[in-house]
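Close look at the chain arrangement
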Amino acid sequence: MALINEHYLKLQAGYLFPEIGRRVSEFIAANPDKKVIKMGIGDVTQPLVPSVLKAFHEGVDEQGQEASFKGYGPEQGYEFLRKAIAENSYQAKGIDIPADDIIVSDGSKCDTGNIQDIFGADNKIAICDPVYPVYSDTTVMSGKTGACQENGYYDGIIYMPCTEENGFTPDLPTERPDLIFLCYPNNPTGTVASKEELKKWVDYARANKSIILYDAAYEAFITEDGIPRSIYEIEGAKEVAIEFRSFSKTAGFTGTRCAYTVIPEEVKAYDSEGNAHSVKKLWMRRHSTKFNGVSYPVQKAAAAIYTPEGKKEVEEVIAYYLENARIMRESLAEIGYIVYGGVNAPYVWVKNKNNMSSWDFFDKVLNEANIVGTPGSGFGPAGEGYFRFSAFAGRENVIEAMGRIKNLS
Ligand code: MLT
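The shown structure was predicted, so the numbers you read here are calculated from the model rather than taken from an experiment.

**Structural notes on the sheet that holds strand 6 (residues 211–215)**
Neighbouring strands of a sheet are bound in pairs by backbone hydrogen bonds; such pairs are parallel or else antiparallel. Reading across the sheet, the seven strands line up as 2-8-7-6-5-3-4 and stay open at both edges, with mixed pairing between neighbours. Every interior strand has two partners, whereas the edge strands, strand 2 (102–105) and strand 4 (157–161), have only one. Each neighbouring strand pair of the sheet contributes to a mean axis angle of 20°, computed without reference to strand direction. Bridge count between strand 5 (residues 179–183) and strand 6: five bridges; the pairing is parallel. Bridging from a neighbouring strand, Leu182 pairs with Tyr214 of strand 6. Seen against the sheet, helix 9 (residues 279–290) touches strand 2, strand 6, strand 7 (241–246) and strand 8 (259–262) and runs at an angle of roughly 25° to strand 2.

What follows is the structure, given as structure tokens:
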């Protein structure tokens, strides 16, 4: 008899975005004449930039000729891409990360979800609330929690509420975690962490032999000076932090798939006898067993964002989305909404009026304005009463959507 992984039975409802997709498909089927504007899942809408596309085509053509054809590549990514990442995303900014510490993958969703494979079931995980739901769902799947309680919290996870009162930045937990998920710029609130804030976490992790799992998928959207783009800008972080970055939102790769995880050799975790082990070696062991590498043309396309033209083109696309975010923030504020984020992140986090629940607001906005957003409660109980709009949309749609929201009853 085949037995299931019963931890999956603890999971509440479906994964957030397919659940939204299901409701939206139902709405569209019942209202085929309505033009629905999608600002829910953070999925890019602008095409790949010319430099990326050119490199992508060249990579495909190389695969069509015997002399340049490539079969399996290195599981951790081609040296040319890892070197380009290390030089441009880190070394050029004074951060000493070698290409060797970079492991290329097909997405940060997979990496932030899979990373728990290499950590024991007894680890205590700290997670912000609200936050990207992959962290908690995969913690449940890996068997590190008990059941979900009535308040929406799983037994065994250390939750760190991020509220208006604490400026959506979590306080240090009272119970000591072994692994700490942090996400900056934050999904969903769009807030960022200052150097002081991150130093607080790095110092805490060093003092407690914890590891920070730092999701920096939105770092390219940071516009304000002085905000760290990498946790490795903080002294000592190389001993205690793993950083996840992605080409998805940075360069429009949500459908093309390429990302990377940085694990400095200095990051150690311990066996039950207290012996230190290299986390990078364990992750490489997992990665090379379960993954055969991102396709060559995709890696070649990703490397093109580091050429002078590629950099300029990608910056323009990011500026486009950030301008969308500005329009959204200002339009919503004008009609009396309290709005957060959208300055250093592609997400605008809105407080619902009259204490309306997140899903009620979702239904209202979908039914009356035919706009899809994401209910804040889908990111955790502390997101209740909030709503997230994604700035990944065409400009005309953004303007039309804001007009429709203005006319909501
Ligand atoms: C989001 O909308 O939160 C993200 O697009 C989801 C993801 O990156 O997987």
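**Here's the deal with the pattern of salt bridges**
What the rule picks out here adds up to 34 salt bridges. Measuring nitrogen to oxygen at the nearest pair gives 3.2 Å for the salt bridge that ties Asp117 to Lys290. With a gap of 173 residues between them, Asp117 in the loop between helix 4 (108–114) and strand 3 (125–129) and Lys290 in helix 9 connect regions that are remote in the sequence. Residue Arg326 pairs with Glu323 through a salt bridge whose shortest N-O separation is 2.6 Å. Taken together, the residues span about one helical turn, with Arg326 and Glu323 both in helix 11 (residues 308–334) at a distance of three residues. Take Glu323: its relative accessible area is 28%, and that puts it in the partly exposed class. Several salt bridges share partner residues, and in doing so they unite Lys54, Glu58, Glu62, Lys70 and Lys300 into one network.

**A closer look at the nonpolar core**
Ranked by size, the top nonpolar core spans 126 residues in total, and within it Ile212, Phe247, Phe253 and Phe389 carry the most contacts. Examining the composition of this core, we find that eight residues originate from one element, helix 11, more than from any other. The two domains that each donate at least three residues to this core are domain 1 (6–47 + 309–406) and domain 2 (69–307).

**Some words on the domain arrangement of the protein chain**
Its domain assignment divides the protein chain into domain 1 (6–47 + 309–406) and domain 2 (69–307). Here the C-alpha centroids of domain 1 and domain 2 sit 24 Å apart. Both sides of the domain 1 and domain 2 interface together cover about 3400 Å² of buried area, and 62% of this is carbon and sulfur. Glu164 is paired through a salt bridge with Lys351; the nearest N and O atoms lie 2.8 Å apart. Elements supplying a minimum of two residues to the side of domain 1 that touches domain 2: helix 11, strand 11 (338–341), strand 12 (347–351) and strand 15 (386–390). It is helix 11 that provides the largest number of residues to the side of domain 1 that touches domain 2, a total of seven residues. Per-class residue counts for the side of domain 1 that touches domain 2 are 21 nonpolar, eleven polar and six charged.

**A word on helix 3 (residues 79–90)**
Since one α-helical turn is 3.6 residues long, residues separated by three or four positions face the same way. Here helix 3 contains twelve residues, and its C-alpha end-to-end distance of 16 Å stays within 8% of the 16 Å for a straight helix at 1.5 Å per residue. Listed in full, the buried residues belonging to helix 3 are Leu81, Arg82, Ala84, Ile85, Ala86, Asn88, Ser89 and Tyr90. Those residues of helix 3 that are buried are in contact with strand 2, strand 7, helix 8 (247–251), strand 8, helix 10 (296–303) and helix 11.

**So, the packing of aromatic side chains**
Scanning the entire structure with this criterion turns up 26 aromatic pairs. Arranged with centres 5.8 Å apart and planes meeting at 85°, the rings of Phe221 and Phe392 form a pair that is edge-to-face. Here Phe392 lies in the loop between strand 15 and helix 13 (395–406) and Phe221 lies in the loop between strand 6 and helix 7 (237–240), a separation of 171 residues in the sequence. Per residue, the accessibility class of Phe221 equals that of Phe392, and both read buried. Judged by centre distance (6.3 Å) and plane angle (80°), the ring pair of Phe247 and Tyr306 falls under edge-to-face. Residue Phe247 is found in helix 8, and its partner Tyr306 is found in the loop between helix 10 and helix 11; the two are separated by 59 residues along the sequence. Exposure remark for Phe247: the relative accessible area of 1% places this residue in the buried category. Exposure remark for Tyr306: the relative accessible area of 13% places this residue in the buried category. Three or more aromatic residues joined by ring pairs form one cluster here, namely Phe17, Phe168, Tyr340, Trp349, Phe379 and Tyr386. When the ring centre of Tyr320 is taken as origin, the NZ or CZ atom of Arg395, which lies over that ring, is 4.4 Å away.

Calculation rules
Residues numbered from 1 in each chain as written. Predicted model: local features only at pLDDT ≥ 70, side-chain atom pairs only at ≥ 80, totals over all residues. Heavy atoms only, no water. Pairing = 2+ DSSP bridges. Helix = DSSP H or I, 4+ residues; strand = E, 2+ residues; numbered from the N terminus. Axes fitted to C-alpha atoms, helices over the stretch in contact; angles between N-to-C directions. Contact = heavy atoms within 4.5 Å. Salt bridge = Lys/Arg side-chain N within 4 Å of Asp/Glu carboxyl O. Buried < 20%, exposed > 50% of the residue type's maximum accessible area, 1.4 Å probe, protein only. Core = buried A, V, L, I, M, F, W, Y, C linked by side-chain atoms within 4.5 Å. Domains from an automatic or database assignment. Buried area = accessible area lost by both parts, 1.4 Å probe. Nonpolar A, V, L, I, M, F, W, Y, C, P; charged D, E, K, R; others polar. Expected span 1.5 Å × (residues − 1). Phe/Tyr/Trp six-rings, centres within 6.5 Å; stacked < 30°, edge-to-face > 60°. Lys NZ or Arg CZ within 6 Å of the ring centre and 35° of its normal.

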